[in-house]
Amino acid sequence: MSRANSATSMRDALYEAPGPRTRRKIVVGTVISLALVALGVAAVIRQFYVTGQLAPRYWSFLLEWTTWRFLLQGLMGTVQVALTAGVIALVLGLLLMLGRTSGVRPLSALCRVVTDFFRGVPSLLLIYFFFFVPAQLGLKMPSFWMLTLPVALAASGVLAEVFRAGVNAVPRGQVEAAMSIGLSSAKTMFKIVLPQAVRYVIPSLIAQLVVVVKDTTVAYVVSYPDLMQNARVLITSYDALVSMYLVVAVIYILINYLINRASVYIANKTGVKIIR
Amino acid sequence: MGLTELLGTYGQNYLNGLLTTWSLTAVSFVFVMVLAVAVTVMRVSPFAPLRVVGDLYVQVFRNIPGVALLIIIAYALPDLNVVLDWRTCVIVTTILMGSAFGSENFMSGINTIGVGQIEAARSIGLSFGQILRRIVIPQALRTTVLPMTNLLIAVMLTTALGSQVPLSPQELTGVVSYVNTRATGGILAFLVSAVGYVGTALVISLAGNRIDRRVRILR
Amino acid sequence: MKEQSAAEKSVPVIELRHVDKHFGDLHVLRDINLTVEKGEVLVVIGPSGSGKSTMCRTINRLETIDSGEILIEGEPLPQEGAELTRMRAELGMVFQQFNLFAHMTILDNVTLGPREVLGVPRDEAERRAMELLERVGVAEQAQKVPAQLSGGQQQRAAIARSLAMRPKAMMFDEPTSALDPEMINEVLDVMVELAREGMTMVVVTHEMNFARRVADRVVFMADGQIVEEGAPDEFFDHPRTQRARDFLDSIKGH
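### With respect to the packing of aromatic side chains
Here is step 1: Under the counting rule described, the total for this entry stands at 15 aromatic pairs over all chains.
Here is step 2: Arranged with centres 5.0 Å apart and planes meeting at 75°, the rings of A:F129 and B:F190 form a pair that is edge-to-face. Residue A:F129 is located in helix α6 (residues 123-136), and its partner B:F190 is located in helix α9 (residues 186-215); the two belong to separate chains.
Here is step 3: Geometrically, the ring pair formed by A:F144 and A:W145 is edge-to-face, given 5.0 Å between the ring centres and 85° between the ring planes.
Here is step 4: By relative accessible area, which is 17% here, A:F144 ends up buried.
Here is step 5: Accessibility expressed as a relative area gives 32% for A:W145, which makes it partly exposed.
Here is step 6: Each member of the aromatic cluster is reached from another via a ring pair, and the members are C:F220, C:F235, C:F236 and C:F247.
Here is step 7: Above the face of the A:Y200 ring, A:R199 is positioned so that its terminal group lies 5.8 Å from the ring centre.

### Description of the pattern of salt bridges
Where charged atoms from two side chains of opposite charge approach closely, those side chains can pair.
Here is step 1: All chains considered together, the criterion is met by 34 salt bridges over all chains.
Here is step 2: Put simply, A:E161 and A:R164 hold a salt bridge, and the shortest N to O gap is 3.1 Å. Of this pair, A:E161 and A:R164 both sit in helix α7 (residues 143-169), three residues apart, which is roughly one turn of the helix.
Here is step 3: With relative accessibility at 18%, the residue A:E161 sits in the buried group.
Here is step 4: By relative accessible area, which is 22% here, A:R164 ends up partly exposed.
Here is step 5: Between C:K168 and C:E90 there is a salt bridge; the shortest N-O distance is 2.7 Å. Of the two residues, C:K168 is situated in the loop between α6 (151-163) and β7 (169-173) and C:E90 in the loop between α3 (81-89) and β6 (91-94); the sequence distance between them amounts to 78 residues.
Here is step 6: What emerges from the salt-bridge pattern is a single network uniting A:R11, B:R43, B:D55, B:R62 and B:E104.

### What to know about helix α2 (residues 48-63) of chain B
Here is step 1: Helix length check: α2(B) (16 residues) gives 22 Å between terminal C-alpha atoms against 22 Å at 1.5 Å per residue, within 8%.
Here is step 2: Where α2(B) is concerned, the buried positions are B:P49, B:R51, B:G54, B:Y57, B:V58, B:F61, B:R62 and B:N63.

### Details of the sheet that holds strand β1 (residues 14-23) of chain C
Residue and element names in this part refer to chain C.
Here is step 1: The antiparallel open sheet is built from four strands, whose spatial order is β2-β1-β4-β5. A single partner strand is all that each edge strand has here, and the edge strands are β2 (26-36) and β5 (75-76).
Here is step 2: Bridge count between β1 and strand β4 (residues 67-72): five bridges; the pairing is antiparallel. The residue bridging I14 from the neighbouring strand is I72, located in β4.

### Details of the interface of chain B and chain A
Here is step 1: On the side of chain A, 51 residues touch chain B, which itself brings 60 residues to the contact.
Here is step 2: Together, the buried faces of chain B and chain A total about 4900 Å²; carbon and sulfur atoms form 71% of this surface.
Here is step 3: The largest contributions to the chain B side of the interface with chain A come from B:N63, B:L80 and B:F190, which together make up 13% of the buried area.
Here is step 4: At the surface where chain B touches chain A, the tally comes to three salt bridges.
Here is step 5: Salt-bridge contacts for A:E16 lead to B:R122; the nearest nitrogen and oxygen are separated by 3.9 Å.
Here is step 6: For the pair chain B and chain A, the interface holds 15 residue pairs in polar contact (both at pLDDT 80 or more).
Here is step 7: Of all elements in the fold, only α1 (3-44), α2, α3 (66-76), α4 (86-111), α5 (115-123), α6 (128-143), α8 (172-182) and α9 of chain B reach the threshold of two or more residues within the side of chain B that touches chain A.
Here is step 8: Here the side of chain B that touches chain A takes 10 residues from α2(B), the largest share from any one element.

Rules behind the numbers
Residues numbered from 1 in each chain as written. Chains lettered and ligands numbered in written order. Predicted model: local features only at pLDDT ≥ 70, side-chain atom pairs only at ≥ 80, totals over all residues. Heavy atoms only, no water. Phe/Tyr/Trp six-rings, centres within 6.5 Å; stacked < 30°, edge-to-face > 60°. Helix = DSSP H or I, 4+ residues; strand = E, 2+ residues; numbered from the N terminus. Buried < 20%, exposed > 50% of the residue type's maximum accessible area, 1.4 Å probe, protein only. Lys NZ or Arg CZ within 6 Å of the ring centre and 35° of its normal. Salt bridge = Lys/Arg side-chain N within 4 Å of Asp/Glu carboxyl O. Expected span 1.5 Å × (residues − 1). Pairing = 2+ DSSP bridges. Contact = heavy atoms within 4.5 Å. Buried area = accessible area lost by both parts, 1.4 Å probe. Polar contact = N/O pair within 3.5 Å; in protein donor to acceptor, adjacent residues only side chain to side chain.

Put into structure tokens, the structure is as follows:
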């Protein structure tokens, strides 16, 4: 019964404990694959070298405090947009879900169409919409909102579905029990179902923040100073395109990686699944 | 600008845009699947360096913003003597991102199989290859139909990145910005493209659901 | 002829010699020595965590051992490759969780081994599979997938899947522990039938009535050791060790 060492992940479970012959093959394979990987890395570095991209002038500006301060300012812009859009998307997503599950036919249909629309349209299209249309209608919109609103709308469609999955995950018996003690269906939703549903979906909501952060990167379309836009400014002043873009990419990857890790951590801790 | 006028003037652009979006999506998705399989094979191989590279690949390309990746491929790679035409840039970006998610789908498909079935297969004397062929791959494929359907839609949405480079012909999102820089297209100009996306997504997801119902594995 | 059968009898189907195994710091098998003769039904009992499942699983190398020897009909258990798969094909194994292949019909579950491993043609494999499914009482379910069957039916189908390989011996790793009470007997009945037909069996179980009725020999394990072994009546009525007495008392309470 106690199988403490039994494989925890399937990718290990695919292989049984190797015998001596298999072990030798694995060692040989590991050495060969390590050599291939090293060769690949070397080829990339060589390409950087022969194109002169390793020259100090492409990298030295990264040692300057002003560079990082400017990037940090951009990052703060990114964070502001992402968090604002996230909050709006939470509210909108929740409303869309409530509308869809309300049982009121026209409202339910409308919310469904809206949800599917925002899920089925690229966020770039929504961003162009807020870039062009309000101006055409004579509205002057700050670039912050030209970016934040479309990002929020795109996310709200996904979040509505995440919330709905959360509501569906609440055991049917909970609803029945609430009804049987005489709670109205609205009270049942708000007092019994939603609080539990929210607990189910918290890790999924955090995971969706990654999508929001990614969507903010097109800030340059509306000239909002986010991390990417500020990096572009630095590129023109230092003429260091490759190095700057790589650094910015790594920053984004790290941020999103950490968000994902947080989501997985909470999911594991509370024993819920991440809905995507 | 009314719908008739809009379509009268730019109808051909929209049609080309839709076809371009479709072709970008189709070409990308084929390579997404191929690369996703390759990356997944690396990640489940018994060789640690390949596993590390595979895991790293997935972490990098599922977390990098599409625009950042496209810009690197389109504008930074030429400085490294790697010059791709615009269309290829968009496709490569989409493939790299899509395959990371595709591999994640395959991995979770493999994870749902469970150790027990592998042990049962071993105990009736199936070899490693036979276990892969008869137990692991069929189940992983059949459980990933719905996630892969969603990935196909995501790949289509990712091709909107094409609006960030001078593609010719343009795809659906690029068409809208093209129309709007020349005329006051208003909401309608966006709705036409949106209908193209949402309609395609609807068809894909209907087809995916139908296939899933046929091959779903009861558990 | 007589000589030959005597020689055959002298080689146990399964033999464990000084088998040791650790899971990290945990010493799960301590110097296990055990033989199972042809046609013998050996029942292994003991508290959970005693190592009885692990021992059962070492016999076809689902678990590896740290030291000692495992012999199948006098031949050392191979460590890998075609030799290992061939040996496994000759040993049946039934799991607590049935472990039927979820994507295949019951019939395909039973024919997979014979077709893939033994190279039996499809129609012959199916004919034989239907016979076996008939025998364990789930022939009507042949075209269904595992999830459509009850636990008891799944476990009987899993037994048929093992039998389809015409094994020299069958291992049962707590075959009824995951079953609802009303389904336990339908599985035990199949096992009793098998024992009566002379199948060599190693059964890890908590079903004491089954042990008393069917076992030729009972092995009691605790803390990774074989604490006591003997004929069932002797063991259940006059356990020699305090450990065994405590264990038997504890399950009598239920």
